[in-house]
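Fold and geometry: a report
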Amino acid sequence: MTRNLILSSLQWLDSRLCWEVTISMLGMFILSCILQRSLANKVQGPMLWPVLGITPSLFLHFNNLYDWVTESLIKAGGTFHFRGVWMGGVFGIVTTNPSNIEYMLKSKFENFPKGKYYRERFSDFLGDGIFNADDELWKEQRRIATSEMHSRQFVERSFQTMKDLVHQKLLKLLEKLVESEGTSFDLQEVLLRFTFDNICTSAFGTDPGCLALDLPEVPFAKAFEEAAELTIFRFLLPPFVWKPMRYFGIGYEKRLKEAIKIVHDFAEKTLARRRNDFIKFGSLNDHSDLLSRLIQDSEPDKKMHFSDRLLRDLCISFVLAGRDTSSVALAWFFWLVHKNPEVETRILCEINEILGSRKSKINELRDVVFTSEELKRMVYLEAALSESLRLYPSVPIDVKEVKGDDVFPDGSRVKNGAWVFYCAFSMARMESIWGKDCLRFKPERWIKEGQFVSENQYKYAVFNAGPRLCLGKKFAYMQMKMVAASILLRYEVKVVEGHKVVPKLTTTLYMKHGLLVTLNPRTRRRRKSSSPGPPLTDTTFFPLLCLHHLLHLSILVSVRPLVSGIDSLGIPL
């Protein structure tokens, strides 16, 4: 009996102790949360939860992460510190300070590489490709890629390829879609298909046929997007969570592995075909695509020998750069132009002025093919595209790793192994950087005395900056201007009423629900005369169109105060 009494007492004490310990730990957690919240308010940064760090806040704001980060940065004055899950090894700062960005991307470039954490998370997808490489491996890839991409042969061939795709595929597809009156379609998807065909043809010498009239499903394109999206989870979850998931092939890691396999298979097959051509003909001198040049430069007797795996990784890196960024930028551009008809009017007036300087008259819009010189003269269009990229950068957030303890110009201290995120999306929305009209779509901010004026690349880090400045920046602008001018010349792009446009959380700023649009062909008018005469050509019609729009806008501006006054009196309109 004594023994039973002792056991009962011990069980009672054990249960009482466990309950008290649980209550105590819960109390400590709540007190820690209160303390962290008060500290967060004091330093004006996001709350860092006990044990979990910033992770709960990321998941709580997952559906509006870019806006939440922007708001947090504005409250924090442009920079805030963060840490991840305890023992996850993730800590550092998020910044939008242009001085910090210049310091990191230029002044102390060697101290802020991509880093092992970034490379580890993207290694399965990008391997050792240029976008996932550091140090000598990156330098050599950059040197060779720069040499090849800036060669006259590559530039001329790339422009011709782009022009052919626009007129032989893209515009014909749009014409077919327009024939089905009232039918809407996803313009973002069409643009993704176009840029994918373009980059594959220019860089790899192969046309995958994504832009065919029947819009075939291309497993590679779908897998590529999924691989980029799912890789993001590795930045949100600690290594002791995602690494076991990868090892056992469960959850999203299983889907990621399958998507990456499709991507790699496509790249390897493309590479194998080109290698066979090289073996068969003994040379690829008659090929101007980037892959052919890299294969020749990777021969054992050359300075740099590229393995098949490295060439595959290069292929994937250039697809990432050439497919996603330009197409996504164009989707946001057309959406913004739809919302700002006065910008569309000015673009059309500029195009008309350029076409009006041609010696020969234009009878049919389908006959208009812009030259590279004409595209260069489209100053306002370039400004509108730059402004669109400012507000909706194709790569909204980038990250670097700290190699050694350092201090940024704004006084922020970072230790070895820290992460430094800089957010181009948030920079565009900060009055301290772009002024009180930062949220406004204003192409005029890029023009001075009729000329396009570039901004400081560390204030406008859309194309990266410093030694890693995007190699294809000029080509991207040429491509976007060709597509935008060719479409706007022929069609009025109308976004479907009620269609929700929000960004998607991936490495590239996709529209989450695509961009559903309808196209209204630009009308053409003919002179009414008793005697036969030449048609009213488009070069004479567009000044009337411009005048019509400008008069319409001026009338709206003039009557707005009157309308407001009438409305305030309760008079129905």
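Under an unreviewed UniProt entry, the name given to the protein chain is Cytochrome P450 86B1-like, and the organism recorded is Juglans regia.

A few points about the pattern of salt bridges
Within this structure, the stated rule accounts for 36 salt bridges. For Glu136, the salt bridge is made with Lys139, and the minimal N-O distance between the two is 3.7 Å. Taken together, the residues Glu136 and Lys139, both in helix 6 (residues 135–149) and three residues apart, mark about one turn of the helix. Of the residues examined, Glu136 reaches a relative accessible area of 57% and is grouped as exposed. Overall, the relative accessible area of 35% leaves Lys139 in the partly exposed class. Glu140 is the partner of Arg143 in a salt bridge, and the nearest nitrogen-oxygen pair spans 2.3 Å. In this pair, Arg143 and Glu140 are both assigned in helix 6, three residues apart and thus about one turn of the helix distant. Judged by its relative accessible area of 42%, Arg143 is partly exposed.

Re the nonpolar core
As a rule of thumb, soluble globular proteins bury nonpolar side chains together. With 167 residues, the main nonpolar core has Phe125, Leu174, Phe333, Phe334, Ile347 and Phe370 as its most contacted residues. Looking at which element gives the most residues to this core, the answer is helix 14 (residues 308–339), with 18 residues. Here this core spans two domains, and each of domain 1 (1–86) and domain 2 (94–521) adds at least three residues to it. Leave out the neighbours within four places in its chain, and Phe370 touches Phe159, Lys163, Ile351, Leu355, Arg358, Leu375, Met378, Met482, Ala485, Ser486 and Leu489.

Digging into helix 5 (residues 115–126)
Here helix 5 contains twelve residues, and its C-alpha end-to-end distance of 14 Å is more than 12% below the 16 Å for a straight helix at 1.5 Å per residue. Backbone geometry just downstream of helix 5 places Gly127 in the positive-phi region, at approximately 60°.

Procedures and definitions
- Residues numbered from 1 in each chain as written.
- Predicted model: local features only at pLDDT ≥ 70, side-chain atom pairs only at ≥ 80, totals over all residues.
- Heavy atoms only, no water.
- Salt bridge = Lys/Arg side-chain N within 4 Å of Asp/Glu carboxyl O.
- Helix = DSSP H or I, 4+ residues; strand = E, 2+ residues; numbered from the N terminus.
- Buried < 20%, exposed > 50% of the residue type's maximum accessible area, 1.4 Å probe, protein only.
- Core = buried A, V, L, I, M, F, W, Y, C linked by side-chain atoms within 4.5 Å.
- Domains from an automatic or database assignment.
- Contact = heavy atoms within 4.5 Å.
- Expected span 1.5 Å × (residues − 1).

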